[in-house]
Amino acid sequence: MKEWKEITTLEEWKSYFDGSRENPFVILKHSTTCPVSSNGLSEFEKYLTTKPNEEVEYLMVKVIESRPVSNQIAEDLNVKHESPQVIYVKNREPYWNASHWSITEEHMKAVLD
């Protein structure tokens with residue numbers, strides 16, 4: 001299984017965001033208090049247990065515990081905040097995003113593979 005990494009600081013976000021020119025990533029915005037978000041995390045992890053795109057880094061930010069990071073992501077990418085939300089970032093731009101029940105293993109495979 002490919003592992004995801006939790007980011008908790010604005011410095012980590014800036015580093016990944018700036019580095020997305022060479023290293024694209026997918027970030028899951030996750031709420032630890034929401035059952036729909038729990039489902040989104042489960043689908044994200046299901047995708048990672050298959051044959052995920054190895055050229056992409058996988059990240060997660062907890063939207064309540066790391067609110068400044070979550071807010072900065074929405075601002076930098078100009079993507080309205082939702083939770084759960086998956087955003088594929090390439091070249092400092094949101095290449096694709098999905099939220100709520102649209103976050104599925106199948107949907108991620110269709111976009112990322």
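Everything numeric in this text was worked out from a predicted model, so none of it was measured.

Q: Break down helix α1 (residues 10–19) for me, citing the residues and quoting the values.
A: Within α1 the residues assigned to the buried category are Trp-13, Tyr-16, Phe-17 and Gly-19. Turning to α1, the residues buried within the fold contact β1 (5–6), β2 (25–30), β3 (57–62), α3 (67–77) and β4 (85–90).

Q: Outline the packing of helix α2 (residues 35–49) against helix α4 (residues 105–112), supporting the account with residue identities and numerical values.
A: The contact between α2 and α4 brings their axes to 8 Å, and the two run at 50 degrees. With respect to their mutual orientation, α2 and α4 come out oblique. For the element pair α2 and α4, the recorded crossing hand is right-handed. Every residue of α4 that contacts α2 at Glu-43, Phe-44, Lys-46 and Tyr-47 is listed here: Glu-105, Glu-106, Met-108, Lys-109 and Leu-112.

Q: Outline the environment of Leu-28, supporting the account with residue identities and numerical values.
A: By secondary structure assignment, the location of Leu-28 is in strand β2. For Leu-28, a relative accessible area of 0% gives the class buried. When residues no more than four places from it in sequence are discounted, the contact partners of Leu-28 are Leu-41, Phe-44, Leu-59, Met-60, Val-61, Pro-84, Gln-85, Val-86 and Ile-103.

Q: Now, about the side chain of Glu-105: what can you tell me, with residues and values included?
A: Relative to the helices and strands, Glu-105 resides in helix α4. Aside from chain neighbours lying at most four places away, what touches Glu-105 is Glu-43, Lys-46, Tyr-47 and Thr-50.

Q: An account of unusual backbone geometry is requested, with residue identities and associated values reported.
A: Of the consecutive residues Ser-83 and Pro-84, the connecting peptide bond is found in the cis state with omega at 0 degrees. Topologically, Pro-84 is positioned in the loop between α3 and β4. You will see that Asn-91, though not glycine, has its phi angle at about 55 degrees, which is positive. On the secondary structure map, Asn-91 appears in the loop between β4 and β5 (93–99). Overall, Asn-91 belongs to the partly exposed group, its relative accessible area being 47%.

Rules of the game
Residues numbered from 1 in each chain as written. Predicted model: local features only at pLDDT ≥ 70, side-chain atom pairs only at ≥ 80, totals over all residues. Heavy atoms only, no water. Buried < 20%, exposed > 50% of the residue type's maximum accessible area, 1.4 Å probe, protein only. Helix = DSSP H or I, 4+ residues; strand = E, 2+ residues; numbered from the N terminus. Contact = heavy atoms within 4.5 Å. Axes fitted to C-alpha atoms, helices over the stretch in contact; angles between N-to-C directions. Parallel < 35°, antiparallel > 145°, perpendicular 65-115°, else oblique. Left-handed = near helix turned anticlockwise from the far one by under 90°.

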